[in-house]
Amino acid sequence: MAAMQPNRLQQGGRIDRTRPLTFSFDGEVCEGFAGDTLASALIAGDLSLVGRSFKLRRPRGIVGSGAEEPNAIMQVGAGAAAQPNLLATQVELHEGLVAHTTKGWPGVRFDAGAINDIFGRMLSAGFYYKTFMYPRSLWKLYERLIRASAGFGRSPAAPDPDTYEHMNAHCDVLVAGGGPAGLMAALAAARSGARVILADEQNEFGGSLLACTESIDGKPAAEWAAGVVAELRNHPDCTLLPRSTVFGYHDHNFLTIAERCTVDAGSSGDGVASMRPPGEGVRERLWRVRARQVVLAQGSFERPLVYCNNDRPGVMLASAVSTYIHRYAVLPGRRAVVFTNNDSAYRAAIDLADAGAEVTAIVDSRPGGAGELGARAQALQIPVLAGHVVCDVAGRRRVRGAGIARWDGDCWDTVRSTIRIDCDLVAMSGGWNPAVHLHSQAGGRLAWDNSQLCFVPSQARQAHLSAGACNGRRSLGECLADGLRAGREAVSKLGMEPTAVEAPAAATVPENPIEALWRVPAAKDADRCPKQFIDFQNDTSVADIRLAVREGYRNVEHVKRYTALGFGTDQGKLGNINGLAVLADILGKAIPEVGTTTFRPAYTPVSFGVGAGESVGPLYDPVRKTALHEWHEAAGAPMEVVGQWHRPWYFPRDGEALHAAVARECLAVRNSVGAMDASTLGKIDARGSDVVEFLERIYTHDVGRMKIGRCVYGIMLGEDGMLMDDGVMARLGEQHFYLTTTTGGAAHVLGWLEKWLQTEWPELEVYLTSLTEHYSTIAVAGPNSRRVLESLGCDIPLDKESFPFMAVRPAVLADMRVTLFRVSFSGELAFEINIDSNFALAMWERVMEAGKAFDIAPYGTETMHVLRAEKGFIIVGQETDGSVTPVDLGMNWLLSKEKDFLGKRSLRRPDCLREDRKQLIGLLSSDDRTVLPEGTQLVEETGKPTPVPMCGHVTSSYRSACLGHPIALALVAGGRNRKGETIQAVLPDREPLPVQIVAPTFYDPRGRRQHV
Amino acid sequence: MLLIECPWCGPRAETEFSYGGEAGIVRPPDPDALSDGEWADYLFFRANPRGAHRELWNHAQGCRRWFGLERDTVTYRIERSYVLSPAGTGTPNVADNSVDAGAGSGSASGAGNGG
Ligand SMILES: [Zn+2]
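Note that the structure is a prediction, hence the values are computed from the model and not measured.

Topic: the overall build of chain A
Okay, so step 1: Check the secondary structure of chain A and you find 23 helices and 49 strands.
Okay, so step 2: Burial statistics for chain A: of 1012 residues in total, 59% are counted as buried.
Okay, so step 3: For chain A, long-range pairs separated by at least 24 residues make up 68% of all intrachain contacts whose partners lie at least 6 apart in sequence.
Okay, so step 4: When the accessible surface of chain A is split by element, carbon and sulfur atoms take 53% of a total near 40100 Å².
Okay, so step 5: Within chain A, one finds 107 positive and 117 negative side-chain charges whose respective centroids are separated by 5 Å.

Shown next, in the form of structure tokens:
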């Protein structure tokens, strides 16, 4: 073991040494223990070189121990279940884990891209915009190269085999973060009887308490935390969510939490990860929580310091060093320099010394050094260089030494390092940034705290409180007390009585104040010295920000975009404040004047799987099936999805392909008889004493003139005059109408009618009822359709005189009660049988049986489309797109001159009166065989220089079996007066095709066939 | 995601509702008498205020009733939801069947308005 884990400490830590785990890292077999993260196991194995930087390809090591880690981005798992872009610091180790570095093809040890480092000066801020703009023709090549060399993880190619789910939850108090403040807040709220959800991103609750040496109420801090968790677990109304990141704070206290369910339920929260069997159970769960109050207690992030080569592997955050030692029992270095401008890093020095490492110096920029922790360090005989700074780091793949100089307080000075110390670890601390992300997402304001040099939450905008380190509290005692306060306050705001809870006792260590140190001077000025990184993940350096300012950028949001500062997974966790401070300094402004950037969800990366939840495959969208669906499936009909409806597309006979089947179905309808399931049409029953007046205002035709028992084709417009929907209106009684809508428009039309009735004309007495599902519609069309119905036995005469075109009658057909419509969407003699959906299948089967004598063909949506296009009948949404008026479609005959209706006034707007509006026309291909692709653009002439003005586009296009040539409908500028003219259809991968403008009715233009 | 108080059904998630634009836009009684500019005002121009805004919502996935909402367009705070007046146009009911939708008042619902 010792050989494979040279940096593992012999004792301590929260790892289980009885459970060794084997994992693979870039193909090498490695070892760790249960309780490790991938990062701690890599450090234990001395594998701290984890990637190449994004832009400059510099070798990079692990810097942090949590969500702030910029470099250790891993591809975890293999095959379809692989997850790209996970932070090694957040991946729990398990047996058989497979991890790959994602940055730096072909590997971290040799990297052709490393050449960029040498030419690093060329790849400065905005390099994408500048370098690769010209010549333009090469941009595609550049883009491919950039993407190949820059990429993070690779998306798996196969579908994700795992299951994800969404969960809705409500609570009185949601506590985000289970460190000292979060635990106290949850405890105070739970004891007061509130319904509490406590979520923490780690596998164990406790946060910083799991890696500190302090005591609470006389107990080791981690032991105290375990006690609190045990009590919370016993509260019936407290939900504990470990491994759960609160990543989004949305409007009205709606929060989203991503829970990783990679363990057996039994061990959840007990700190011991065990692998969920692949493909079983739920991998991740999205909690959608509506919380009445929220306590934000996500802690704080330590800031790096900004000096030359501060990105070399072996440079780490001081707090991360402590965490690796105490929580994971790994020692990240043997010979360390600690560099700080505040007291907290002294803990790392003490922890290193206690763990057996040599701390060669604490380099403290403050002339006075630290408070009580300074005395403790001195007691351990750790040398302190007060009033000094680390200005450079030596070593490429691993820190070899630090150059140290005196510091006189001028960030932009040039200094030579006078002291050189050999070391393999630099632990740094530039102060602390409260994790204000969720507070900011919620719309809360931030205030600059000039004593702690950080932004702290100020005014909240929703029902949230911040507590502990994310509220700017520093010592353990303060954090505990602040959590307690927030928990009680949240409960009080809910009108509940907070139960008395005593603040636990914890020592508060007196500290000396932090000193501003935003950029360490170097031997050369900031533009020529070795890179001083601000954002490691995006390779943003001090020089890049200076360049951005020189090139005219002032606003922090612009500088951020130009330099990529805070992009990627960082999202302002590590580099934000340092970048802001450097920018402010260059601009000669105070930091709060420059402002901060806006934090947006997600706080940490969230998988696509957890976002999709159950809504994949057959559960992606609800499926609506007609009463005849099973019959269609049994007949082998492929389905076309229309809205949420699944409609039969065509009914192949003997293995026919689409075109053969459609040609046969079309000819059957034209020459004998066919039947279609038209049940998906929207159906609305409208009645009431004012129903005529209401429909007059909605529809464009004269409704009052309709006789009982008659139907009309009706259209409705938006107030802008554009065609919105169409259908059949039948008058069933004096005050009783039946309306059909398009399949896709049914819900919208009902909502539209209700809106006018409820908001504008509530004085009208009208009742609307959707009957779409209650009734099914069977269209029987073709010259033999009447014979089919007659042979079924009908109690009313169906002859031309008794039951003329556009008549509607209640009837008994085949011993079933129906409403019969003599309407036609094919141009043939046709009937629509409207019947209670419970009887629809029986009726359909009777129709098919009776139709056998006429070789009846069931037909689908494709044949319906061809038949209606042959007649020039439009489809809303195909011939129209929200910019087409009824006049454009040649429907003037439908527009009443006698009355007002919605949209009528708009038809007189100047734009609607233009002569060159696109109008509906027919098109014939000059070669008599090319079926124009729908959407084809039409131009006047070819050979003109680009861009050629378009004069229209093809809206519908089919081959017509009964005409023997292709037909198309199109919208063409001024087209109605251009019949006979030839224009050009622009086709992909071939010469433009001349097409002739004709009337949009190709078949039976006088409409005789439907009147027989 | 907004939490919207339907005057008939109580507080529900925004996904159950559809938005109907600014309330109080009155359809001109005689559109033909309007100039193009006046008609365009009615058709296209909305106040789009920064702050308090009265708007129409439809509980499309619930009771299907249209109702009024007073919402702050900056903070998204909902001051109240209200039953539309019988006079129409999205104005509040004179009888004031409004529901105070202030933060935390999760239990108030428009009992007695069951239209
Ligand atoms: Zn409702």
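Points about the confidence of the model for chain A
Residues and elements named next belong to chain A.
Okay, so step 1: Confidence in the prediction for chain A averages 92 pLDDT; 93% of positions are at 70 or higher.
Okay, so step 2: Across residues 109-113, where pLDDT falls below 50, the model places 14 contacts with residues more than four positions away in sequence or in other chains.
Okay, so step 3: Below a pLDDT of 50 lies the segment residues 264-274, which in the model reaches 25 contacts outside its immediate sequence neighbourhood of four places, other chains included.

As for the coordination of the zinc ion
Four donors placed tetrahedrally around a metal ideally meet at 109.5 degrees, and six donors placed octahedrally ideally meet at 90 or 180 degrees.
All names here are of chain B.
Okay, so step 1: For the zinc ion, the full set of protein donor atoms is C6 (SG), C9 (SG), H59 (ND1) and C63 (SG), at a range of 2.0 to 2.3 Å.
Okay, so step 2: Summarised as a motif, the one-chain spacing of the donors to the zinc ion is C-x2-C-x49-H-x3-C.
Okay, so step 3: Take H59: its relative accessible area is 0%, and that puts it in the buried class.

Concerning the environment of A548(A)
Okay, so step 1: Note that A548(A) resides in helix α12 (residues 542-550).
Okay, so step 2: With sequence-adjacent residues up to four places away left out, A548(A) is seen in contact with Y553(A), V559(A), Y562(A) and T563(A).

So, the packing of aromatic side chains
Residues and elements named next belong to chain A.
Okay, so step 1: Following the criterion strictly, the structure yields 16 aromatic pairs over all chains and no others.
Okay, so step 2: Pairing Y324 with Y328 gives two aromatic rings, centres 5.9 Å apart and planes at 40°, and the pair type is tilted. In this pair, Y324 and Y328 both sit in helix α7 (residues 318-328), 4 residues apart, roughly one turn of the helix. For the pair formed by Y324 and Y328, the shared burial category is buried.
Okay, so step 3: Here the aromatic cluster, defined as three or more aromatic residues joined through ring pairs, consists of F694, W752, W756 and W761.
Okay, so step 4: A cation over an aromatic ring shows up here: R60 above the ring of F533, its NZ or CZ 4.8 Å from the ring centre.
Okay, so step 5: The aromatic ring of Y603 is capped on one face by K573, whose charged end is 4.9 Å from the ring centroid.

Comments concerning the side chain of Q758(A)
Okay, so step 1: As for its position among the elements, Q758(A) is in helix α20 (residues 746-760).
Okay, so step 2: Q758(A) sits in the buried class, given a relative accessible area of 8%.
Okay, so step 3: At 3.3 Å, the side chain of Q758(A) forms a polar contact with the backbone oxygen of R64(B).
Okay, so step 4: Polar contacts involving the side chain of Q758(A) include one to the main-chain amide nitrogen of W66(B), which spans 2.4 Å.
Okay, so step 5: Each residue touching Q758(A), except ones within four places of it in the same chain, is listed here: R64(B), R65(B), W66(B) and L84(B).

Concerning unusual backbone geometry
Residue and element names in this part refer to chain A.
Okay, so step 1: Along the chain, P601 connects to A602 via a cis peptide bond; the corresponding omega equals 5°.
Okay, so step 2: You can see A602 is positioned in the loop between α15 (591-594) and α16 (608-612).
Okay, so step 3: At the junction of T946 and P947, the peptide bond is cis and its omega measures out at -5° in the coordinates.
Okay, so step 4: As for its position among the elements, P947 is in the loop between β45 (937-939) and β46 (950-960).
Okay, so step 5: A positive phi angle, close to 60°, is found at N309, a residue other than glycine.
Okay, so step 6: On the secondary structure map, N309 appears in the loop between β16 (300-302) and β17 (315-317).
Okay, so step 7: The phi torsion at L453 lies on the positive side, around 55°, for a residue other than glycine.
Okay, so step 8: Looking at where L453 falls in the secondary structure, it is placed in the loop between β26 (446-449) and β27 (454-457).

Side note on the pattern of salt bridges
Residue and element names in this part refer to chain A.
Okay, so step 1: The final tally for this structure, using the stated rule, is 56 salt bridges over all chains.
Okay, so step 2: Its salt-bridge partner being E828, residue R1009 comes within 2.9 Å of it at the nearest N-O pair. Linking R1009 in the segment after β49 (993-998) with E828 in the loop between β41 (816-821) and β42 (830-836), this pair joins segments that are 181 residues apart in sequence.
Okay, so step 3: Exposure remark for R1009: the relative accessible area of 28% places this residue in the partly exposed category.
Okay, so step 4: On the basis of relative accessibility, which here comes to 1%, the residue E828 falls in the buried class.
Okay, so step 5: Among the ionic contacts, a cluster of salt bridges with common partners joins D888, D911, R914, D916 and R917.

Considerations on helix α13 (residues 556-563) of chain A
One full turn of an α-helix is made of 3.6 residues, so residues set three or four places apart face in the same direction.
Residue and element names in this part refer to chain A.
Okay, so step 1: Burial analysis of α13 places 6 of its 8 residues in the buried class, the great majority of the element.
Okay, so step 2: All of the buried residues along α13 are V556, E557, V559, K560, Y562 and T563.
Okay, so step 3: Positive backbone phi, at 65°, marks A564, one or two positions downstream of α13.

Concerning the pairing of strand β32 (residues 645-648) of chain A
Residue and element names in this part refer to chain A.
Okay, so step 1: Inspection of the sheet shows strand β31 (residues 639-642) paired to β32 by 4 bridges, in the antiparallel sense. By the bridge assignment, M639 is partnered in β32 with P648.
Okay, so step 2: Joining the antiparallel neighbours β31 and β32 is a turn of 2 residues, in which G643 adopts a positive phi near 65°.

Observations regarding the interface of chain B and chain A
Okay, so step 1: Tallying the contact residues gives 34 residues for chain B and 30 residues for chain A.
Okay, so step 2: Here chain B and chain A share an interface that buries about 2600 Å² over both sides, 49% of which is from carbon and sulfur atoms.
Okay, so step 3: Counting the surface chain B buries against chain A, the share from its top three residues, M1(B), R27(B) and W66(B), is 27%.
Okay, so step 4: The interface formed by chain B and chain A contains 4 salt bridges.
Okay, so step 5: Between D36(B) and R905(A) there is a salt bridge, with the nearest N and O atoms lying 2.8 Å from each other.
Okay, so step 6: Per element, the largest residue contribution to the side of chain B that touches chain A is 5 residues, and it comes from helix α1 (residues 36-44) of chain B.
Okay, so step 7: Each residue belonging to the side of chain B that touches chain A can be placed in one class, and the counts come to 20 nonpolar, 8 polar and 6 charged.

Structural notes on the sheet that holds strand β19 (residues 358-364) of chain A
All names here are of chain A.
Okay, so step 1: The 5 strands lie next to each other as β17-β24-β18-β19-β20, forming an open sheet whose pairing is parallel. Both edges of this open sheet fall to β17 and β20 (384-386), since each of them pairs with a single strand only. Looking at each pair of strands side by side, their axes are set apart by 20° on average, direction ignored.
Okay, so step 2: The pairing of β19 with β20 spans 3 bridges and is classified as parallel. Residue I362 lies in a different strand from β20, and its bridge partner there is V384.
Okay, so step 3: Running at roughly 85° to β17, α7 makes contact with β17 and β24 (425-429) of the sheet.

So, the sheet that holds strand β48 (residues 982-986) of chain A
Residues and elements named next belong to chain A.
Okay, so step 1: Read around the closed barrel, the 6 strands follow the order β44-β47-β46-β45-β48-β49; overall the barrel is antiparallel. For this sheet the average axis-to-axis angle between neighbouring strands, irrespective of direction, equals 45°.
Okay, so step 2: Of the strand pairs in this sheet, β45 and β46 are connected by 3 bridges, and their pairing is antiparallel. Paired with L938 across the strands is G952, a residue of β46.
Okay, so step 3: Contacting β46 and β47 (965-973), helix α23 (residues 861-870) runs over the sheet at an angle of about 120° to β46.

Notes on the nonpolar core
Residue and element names in this part refer to chain A.
Okay, so step 1: In terms of nonpolar packing, the biggest core is built from 83 residues, with L38, Y307, F339 and L352 touching the most fellow members.
Okay, so step 2: Leaving out residues up to four positions away in the same chain, L352 has contacts with V321, I325, L331, G333, A336, V338, A357, V359 and L425.
Okay, so step 3: Core analysis: the next-biggest nonpolar cluster, separate from the first, contains 37 residues, A188, L198, I216 and L476 among them.

Description of the packing of helix α5 (residues 180-191) of chain A against helix α6 (residues 221-234) of chain A
Residue and element names in this part refer to chain A.
Okay, so step 1: Taken N-terminus to C-terminus, the directions of α5 and α6 make an angle of 30°; their axes are 10 Å apart at the nearest point. Judged on the interaxial angle alone, α6 and α5 are roughly parallel. The element α5 and its partner α6 pack so that their crossing is left-handed. For the pair α5 and α6, contact is made by L183, M184, A186, L187, A190 and R191 and by W224, A225, V228, V229, E231 and L232, respectively.
Okay, so step 2: Across the contact of α5 with α6, the residue classes tally to 10 nonpolar, no polar and 2 charged.

Brief notes about helix α22 (residues 837-851) of chain A
All names here are of chain A.
Okay, so step 1: With 15 residues, α22 should reach 21 Å at 1.5 Å per residue; the first-to-last C-alpha distance of 21 Å fits that figure.
Okay, so step 2: Those residues of α22 that fall on the buried side of the exposure criterion are S837, A840, M843, W844, V847, M848, A850 and G851. Each buried residue of α22 sits inside an arc of 160° when the element is viewed along its axis, so together they form one side.
Okay, so step 3: For α22, the capping residue at the N-terminal end is D836, with a side-chain oxygen 2.8 Å from the backbone nitrogen of N838.

Here is what the cut-offs are and how they apply
- Residues numbered from 1 in each chain as written.
- Chains lettered and ligands numbered in written order.
- Predicted model: local features only at pLDDT ≥ 70, side-chain atom pairs only at ≥ 80, totals over all residues.
- Heavy atoms only, no water.
- Helix = DSSP H or I, 4+ residues; strand = E, 2+ residues; numbered from the N terminus.
- Buried < 20%, exposed > 50% of the residue type's maximum accessible area, 1.4 Å probe, protein only.
- Contact = heavy atoms within 4.5 Å.
- Areas by Shrake-Rupley, 256 points an atom, 1.4 Å probe, with all protein chains shown as cover.
- Lys, Arg positive; Asp, Glu negative; His and termini not counted.
- Charge placed at Lys NZ, Arg CZ, Asp CG, Glu CD.
- pLDDT = per-residue confidence, 0-100.
- Donors = N, O, S within 2.8 Å, 3.2 Å for Na, K, Ca; no water.
- Phe/Tyr/Trp six-rings, centres within 6.5 Å; stacked < 30°, edge-to-face > 60°.
- Lys NZ or Arg CZ within 6 Å of the ring centre and 35° of its normal.
- Polar contact = N/O pair within 3.5 Å; in protein donor to acceptor, adjacent residues only side chain to side chain.
- Salt bridge = Lys/Arg side-chain N within 4 Å of Asp/Glu carboxyl O.
- Pairing = 2+ DSSP bridges.
- Buried area = accessible area lost by both parts, 1.4 Å probe.
- Nonpolar A, V, L, I, M, F, W, Y, C, P; charged D, E, K, R; others polar.
- Axes fitted to C-alpha atoms, helices over the stretch in contact; angles between N-to-C directions.
- Core = buried A, V, L, I, M, F, W, Y, C linked by side-chain atoms within 4.5 Å.
- Parallel < 35°, antiparallel > 145°, perpendicular 65-115°, else oblique.
- Left-handed = near helix turned anticlockwise from the far one by under 90°.
- Expected span 1.5 Å × (residues − 1).
- Arc of directions from axis to C-beta.

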